[in-house]
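Listed here are the chains, written in short residue letters.
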Amino acid sequence: MLRIFKDDVLDPEKFTMTLELVPGGDSTGRSVDTVMGIAADAFADGRISAVSITDNPGGNPSLSPDVIGHRIFTTGMDVIVHFTCRDTNRVGMESRALQLAMMGMKNILALTGDFAGKGFGGQGAPVFDLDSVQLQILLGLLSERMEEAGDPDGFFTGCAVSPFKWTEAESFAQYGKLCRKIGAGAGFIITQLGYDAAKFGELIRLMGFLGLDVPVLGSVYMLTPAAARIMNAGRVPGAMVTSGLLAEVEKRWADKKAGRRWSIEQTARLAAVLKGLGYRGIHIGGIHKDFETAGRILDRFEQIQDQWKDYLPRFRHGPPGGFQVFDFDRTDEDQAPRFGRNPEKVPLLERLHYLFLKTVHRFFFDRNSALAAVSRQFAAVMDASRTGRRLVHLAEYGSKHILLGCRQCGDCAIEYAGFLCPEAGCPKHTRNGPCGGSRAGCCEVFPDRYCVWYRAYRRIIAMDGKAVHRAGCVPPRLWELDRSSSWLNFHLDRDHHGSSNQLARRCDVNVCSLKI
Ligand code: SF4
């Protein structure tokens, strides 16, 4: 069993380097040879602790990371497998995890994943049966089962986070979800891609503030004009390249050789900055042809790492006036996070919507409410007959369709999303917070709509004046309840609140919670 990556990243004395590889759309030939060649050279170089292999990036069909990863793994190079929630349901995910365990590949980067892209015959169906927090829990439970079966070595799972959010609502939601991922078992963190030292520093400082001691690898990427253009246009969800940075990349690359030298230097400098800021390693991307470029980045990084403070001012690539949790330019260590200081105006209709649903919830869907016992008895009576069930179903979905665009999932989760529906409002059906793909508060998939989690935060702050990211996590939706009444399911303990739900108990783990 290779445990190079795990040992390295958990060793506080080490600065760990990983390299992201992107398999192509063929099972043989040049694309496979290239990935295998880069991995072989990285292994020979000796500075890379593991290569990570992407899982159908952009939602487009590619060679499975499990297969090419395993081939690399057998050469002695440790591998991190990207594992997304997009393409298979929980049954397929569990089966895939078992397969990976049997192959010995237990470093997993658990991700929600980009939205579905195009494959055979057109756009693929987006599955998103679990979200990335729930996937962490699934892998944790499997690890326990493996241990019971005599395998002492469970999965070593990690997660992604994007500090590159420039609205308060998105920042709060990202970091709140990070708390849940860590509570669910994430043992390492890899950041999304961005070029703003203040935001990189913010993540480390906030983790210190919350008492989180999980190693973080910062992403560095060898930018070319083509890659910078794609990222600037928002076509790599979560990656942030500003127009100013794009213009600089294009200018430097007017001469291709000089541009390449410049990008290598910038990547090495950013790596140095990350080390200086307290990152435990770097995750290198943008290496698609050969290992030589990555080797040059590492050589240069080793030469200049102590000069990281000189490079800080060059990495301030965020939108002007964007929200920051801390004032990066202030050196005092005891700053409190700046959440909730300037609540934004929320339209009256939205505020009334929140107030109404919150009030209804407090009276009828709170186990501590004075009406809880009566509601429960009423539910039992209605549930006893087909007519009763139909009447409740009609009343529930008639009203919730108008108020929430309800999809009749039967396992309601509006209480976690500021009384908005995560099934109707989020194309990835996330119940534990947003994916990393939102931009300026807008949804990755439908950029003309606000992200449901962005809306949720703004409503809560505007109406309650404070926000508390619910401790623990939200269990997955119970599909067996589809098209049944969530009202009855709640009162009769059939939904995810039910005490018999093994996951609900596991979701009680709380390592930190963001509060305002
Ligand atoms: S979470 Fe489910 S029951 Fe609740 S509003 Fe959305 S679809 Fe309807």
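What counts as what
Residues numbered from 1 in each chain as written. Predicted model: local features only at pLDDT ≥ 70, side-chain atom pairs only at ≥ 80, totals over all residues. Heavy atoms only, no water. Disulfide = S-S within 2.5 Å. Patch = residues over 30% accessible without salt bridge, like charges linked within 9 Å, V, L, I, M, F, W, Y side chains within 5 Å. Areas by Shrake-Rupley, 256 points an atom, 1.4 Å probe, with all protein chains shown as cover. Salt bridge = Lys/Arg side-chain N within 4 Å of Asp/Glu carboxyl O. Helix = DSSP H or I, 4+ residues; strand = E, 2+ residues; numbered from the N terminus. Buried < 20%, exposed > 50% of the residue type's maximum accessible area, 1.4 Å probe, protein only. Pairing = 2+ DSSP bridges. Axes fitted to C-alpha atoms, helices over the stretch in contact; angles between N-to-C directions. 1 Å grid on protein atoms, 1.4 Å probe; cavity = no way out; pocket = protein on both sides within 12 Å on 5 of 7 lines; lining within 4 Å. Points joined across faces, edges and corners; volume = space filled by probe spheres on them. Nonpolar A, V, L, I, M, F, W, Y, C, P; charged D, E, K, R; others polar. Right-handed = clockwise from strand over helix to strand, strands pointing away. Core = buried A, V, L, I, M, F, W, Y, C linked by side-chain atoms within 4.5 Å. Domains from an automatic or database assignment. Contact = heavy atoms within 4.5 Å. Buried area = accessible area lost by both parts, 1.4 Å probe. Polar contact = N/O pair within 3.5 Å; in protein donor to acceptor, adjacent residues only side chain to side chain. Expected span 1.5 Å × (residues − 1). Arc of directions from axis to C-beta.

Re the state of the cysteines
Working step 1: With the rule as written, the count across this model stands at zero disulfides.
Working step 2: Sulfur of Cys 435: no disulfide; nearest cysteine sulfur belongs to Cys 426 and is 6.3 Å away.
Working step 3: Take Cys 442: it sits in no disulfide, and the sulfur closest to it among the cysteines is that of Cys 443, at 8.4 Å.

What about a nonpolar patch on the surface?
Working step 1: A surface patch of nonpolar side chains, amounting to about 430 Å² of accessible area, comprises Leu 348, Leu 349, Leu 352 and Leu 355.
Working step 2: Secondary-structure assignment places Leu 349 in helix 13 (residues 348–364).
Working step 3: According to the relative accessible area criterion, Leu 349 is exposed, its value standing at 70%.

Overview of the sheet that holds strand 2 (residues 50–53)
Working step 1: If you trace the eight strands once around the closed barrel, you get 1-2-3-4-7-8-9-10, paired in parallel fashion. Each strand axis lies, on average, 30 degrees off the axis of its neighbour in the sheet, ignoring direction.

Some words on empty space enclosed by the protein
Where empty space is left can be seen by rolling a probe of water-molecule size over the atoms.
Working step 1: Going through the model one piece at a time under the given rule, you end up with five cavities of 30 Å³ or more.
Working step 2: In this model, the largest cavity occupies a volume close to 130 Å³.
Working step 3: Taken together, the elements giving at least two residues each to the lining of the largest cavity come down to helix 9 (243–252) and helix 10 (256–277).
Working step 4: A total of five residues in the lining of the largest cavity trace back to one element, the largest contributor, which is helix 10.
Working step 5: Looking at the lining of the largest cavity residue by residue, the class counts come to eight nonpolar, four polar and two charged.

Observations regarding unusual backbone geometry
Working step 1: For Phe 128, which is not glycine, the phi dihedral falls at a positive 45 degrees.
Working step 2: On the secondary structure map, Phe 128 appears in the loop between strand 6 (122–123) and helix 5 (132–148).
Working step 3: Despite not being glycine, Gln 408 has its phi angle at roughly 60 degrees, a positive value.
Working step 4: The topology assignment puts Gln 408 in the loop between helix 15 (386–404) and helix 16 (422–425).

With respect to the pairing of strand 2
Working step 1: Residue alternation in strand 2 divides its side chains into two sets, Ala 50 and Ser 52 and Val 51 and Ile 53, and both sets are buried.
Working step 2: Both strand 1 (residues 16–21) and strand 2 contribute to a ladder of four bridges, which runs parallel. Its bridge partner being in strand 2, Leu 21 is matched across the sheet by Ile 53.
Working step 3: Crossover handedness for the path strand 1 to helix 2 (residues 30–45) to strand 2: right-handed.
Working step 4: By the bridge criterion, three bridges tie strand 2 to strand 3 (residues 79–84) in an arrangement that is parallel. Along strand 3, the bridge assignment pairs Val 51 with Val 79.
Working step 5: In this fold, the crossover linking strand 2 to strand 3 by way of helix 3 (residues 65–73) has right-handed handedness.

Let's talk about the nonpolar core
Working step 1: Residues Leu 19, Ile 48, Ile 72 and Leu 223 are the most contacted members of the largest nonpolar core, which totals 115 residues.
Working step 2: Among the elements that make up this core, the one with the highest residue count is helix 10 (nine residues).
Working step 3: Two domains each provide a minimum of three residues to this core, namely domain 1 (4–313) and domain 2 (348–506).
Working step 4: Contacts of Leu 223, omitting those with residues within four sequence positions, involve Tyr 195, Ala 228, Met 231, Val 241, Leu 245, Val 249, Trp 253 and Ser 263.
Working step 5: The next biggest cluster of nonpolar side chains, apart from the first, holds eleven residues, and it includes Phe 5, Val 9, Leu 109 and Phe 188.

Comments concerning the domain arrangement of the protein
Working step 1: Split into domains, the protein comes out as domain 1 (4–313) and domain 2 (348–506).
Working step 2: Domain 1 puts 35 residues into the contact, and the matching count from domain 2 is 34 residues.
Working step 3: On the domain 1 side of the contact with domain 2, Phe 115, Phe 172 and Arg 180 bury the most area, a combined 23% of that side's loss.
Working step 4: In this structure, the connection of domain 1 to domain 2 is made through zero salt bridges.
Working step 5: Run the count over domain 1 and domain 2 and you get 18 residue pairs in polar contact (both at pLDDT 80 or more).
Working step 6: Elements with a minimum of two residues in the side of domain 1 that touches domain 2: helix 5, helix 6 (168–183) and helix 8 (225–232).
Working step 7: In terms of residue count, the dominant contributor to the side of domain 1 that touches domain 2 is helix 6 (nine residues).
Working step 8: The class makeup of the residues in the side of domain 1 that touches domain 2 is 14 nonpolar, eleven polar and ten charged.

Considerations on helix 4 (residues 90–103)
Working step 1: End to end, helix 4 covers 20 Å across 14 residues, agreeing with the expected 20 Å (1.5 Å per residue, within 8%).
Working step 2: All buried positions along helix 4 are accounted for by Met 93, Arg 96, Ala 97, Leu 100 and Ala 101. The arc enclosing the buried residues of helix 4, seen along the axis, measures out at 140 degrees, which places them on a common side. Exposed side chains of helix 4 directed beyond 90 degrees from the buried face belong to Val 91 and Met 102.

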